[in-house]
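Here are the chains, one letter per residue:
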Amino acid sequence: MADGRLADPLEEELEGEESAPRLRLSRRGIVVLSVLGAAVLGVLAWVVFFSSVLDVRDVAVQGPTDDKLTADQVRGAVGGLADGPLARVDLDAVRHRVEAIPRVAKAEVWRGWPHTLQVKVVQRTAVAAVKGDDGQFTQVDAVGVSFATEATPPQGVPVVELRLSQPAKDVDGVISRAQLVQGAVAVAAGLPPEIAKRAGSLLVHSYDDIELQLSGGATVRWGSPEQTDRKARVLLALMKQKGTVFDVTAPEAPAVSG
């Protein structure tokens, strides 16, 4: 160097880097890349939302286990909502359609890419069958929803039957028959499984006088629908004793006779 100093290799390297040309996109290049990116996204959006490439080809149904609620019934309820691209299917609308089926308690709907609409249903389960004046039996689930009426009651659930006493008939304007049935259904829903499978009928004489007839001839005097959980626990303990009449109308003072 002119001043007699030795050249610093590191300094020379840095000077070389500073003098190297830098790659810079021109404004036109940026515009071109932006247009290309937008075009790619546009094509993808068209393929997903508007073309037939990702159309729904199958409605897969999970849940129904008997001939009362079939997969074909669920597909029929979905109907034209499953036509066209899978991405455009209104999942909430499909769910509402499926849940409108009387025997469906709940439905879940989701997309199974690339071509399947997935529907999972939870079927209503009867806890009681209410005998009508016409001899038909209306099935009711644990939350009190009536969902089917048939000529015979389903196996393994008690039959609710109104056999009102005269005092109960006299206060029909105060406590309606619908309320009496609702109370009996609440009792049926609260029965322990080991009692429910033996239950033959729930006879409603009045709001405070519900009677449960069990297979084998035993009778349970239940009283009102109030304190159903406590009465159920007491009844389980009470039935370890021999007897034909079990009284839990007052769960704090139960009784066995017969």
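See above for the structure.
Reading guide: rules and limits
Residues numbered from 1 in each chain as written. Predicted model: local features only at pLDDT ≥ 70, side-chain atom pairs only at ≥ 80, totals over all residues. Heavy atoms only, no water. Helix = DSSP H or I, 4+ residues; strand = E, 2+ residues; numbered from the N terminus. Buried < 20%, exposed > 50% of the residue type's maximum accessible area, 1.4 Å probe, protein only. Contact = heavy atoms within 4.5 Å. Axes fitted to C-alpha atoms, helices over the stretch in contact; angles between N-to-C directions. Parallel < 35°, antiparallel > 145°, perpendicular 65-115°, else oblique. Left-handed = near helix turned anticlockwise from the far one by under 90°. Core = buried A, V, L, I, M, F, W, Y, C linked by side-chain atoms within 4.5 Å. Pairing = 2+ DSSP bridges.

A.B. asks: Give a description of the overall build of the protein chain that names residues and reports values.
C.D. replies: Counting its secondary structure elements, the protein chain contains eight helices and 12 strands. Within the protein chain, the proportion of its 258 residues that are buried is 35%. Across the protein chain, every contact between residues at least 6 apart in sequence was considered, and the portion connecting residues at least 24 apart equals 46%.

A.B. asks: Any details on the packing of helix α3 (residues 71-78) against helix α4 (residues 91-99)? Residues and values, ideally.
C.D. replies: It is at 8 Å that the axes of α3 and α4 come closest, and there the two elements cross at 130 degrees. Relative to α4, α3 is oriented oblique. Judged by the twist between their axes, the crossing of α3 over α4 is right-handed. Where α3 approaches α4, its residues Val-74, Ala-77 and Val-78 are matched on the opposing element by Val-94, Arg-97 and Val-98.

A.B. asks: Can you lay out the nonpolar core for me, pointing to particular residues and giving the numbers?
C.D. replies: Core analysis: the biggest nonpolar cluster contains 32 residues, and Leu-212, Leu-214, Val-220, Trp-222 and Leu-235 have the highest contact counts within it. Secondary-structure elements contributing two or more residues to this core are β4 (126-131), α6 (177-189), α7 (193-196), β8 (199-206), β9 (209-214), β10 (219-223) and α8 (228-238). Sorting elements by how many residues they give to this core places α6 first, with six residues. Those residues in contact with Leu-214, other than ones at most four positions away along the chain, are Ile-195, Arg-198, Ala-199, Gly-200, Val-220 and Met-239. Formed by 19 residues, the second largest nonpolar core is a distinct cluster that contains Val-56, Leu-69, Val-89 and Val-98.

A.B. asks: How would you explain the sheet that holds strand β3 (residues 116-123) if you had to name every residue and give the values?
C.D. replies: If you walk across this open sheet you meet the three strands as β1-β3-β2, and the pairing is mixed. Strands at the two margins of the open sheet, each flanked by one partner only, are β1 (58-62) and β2 (104-112). Taking each pair of neighbouring strands and ignoring which way they run, the sheet shows an average axis angle of 20 degrees. Two elements, β1 and β3, share five bridges in a ladder whose sense is parallel. By the bridge assignment for β3, Asp-58 is matched with Thr-116. The strands touched by α3 within the sheet are β1 and β3, with β1 carrying the most contacts at an inclination of about 130 degrees. Relative to β2, α4 is tilted by about 150 degrees, and along the sheet it contacts β2 and β3.

Remember, this is a structural readout, not a statement about activity or role.
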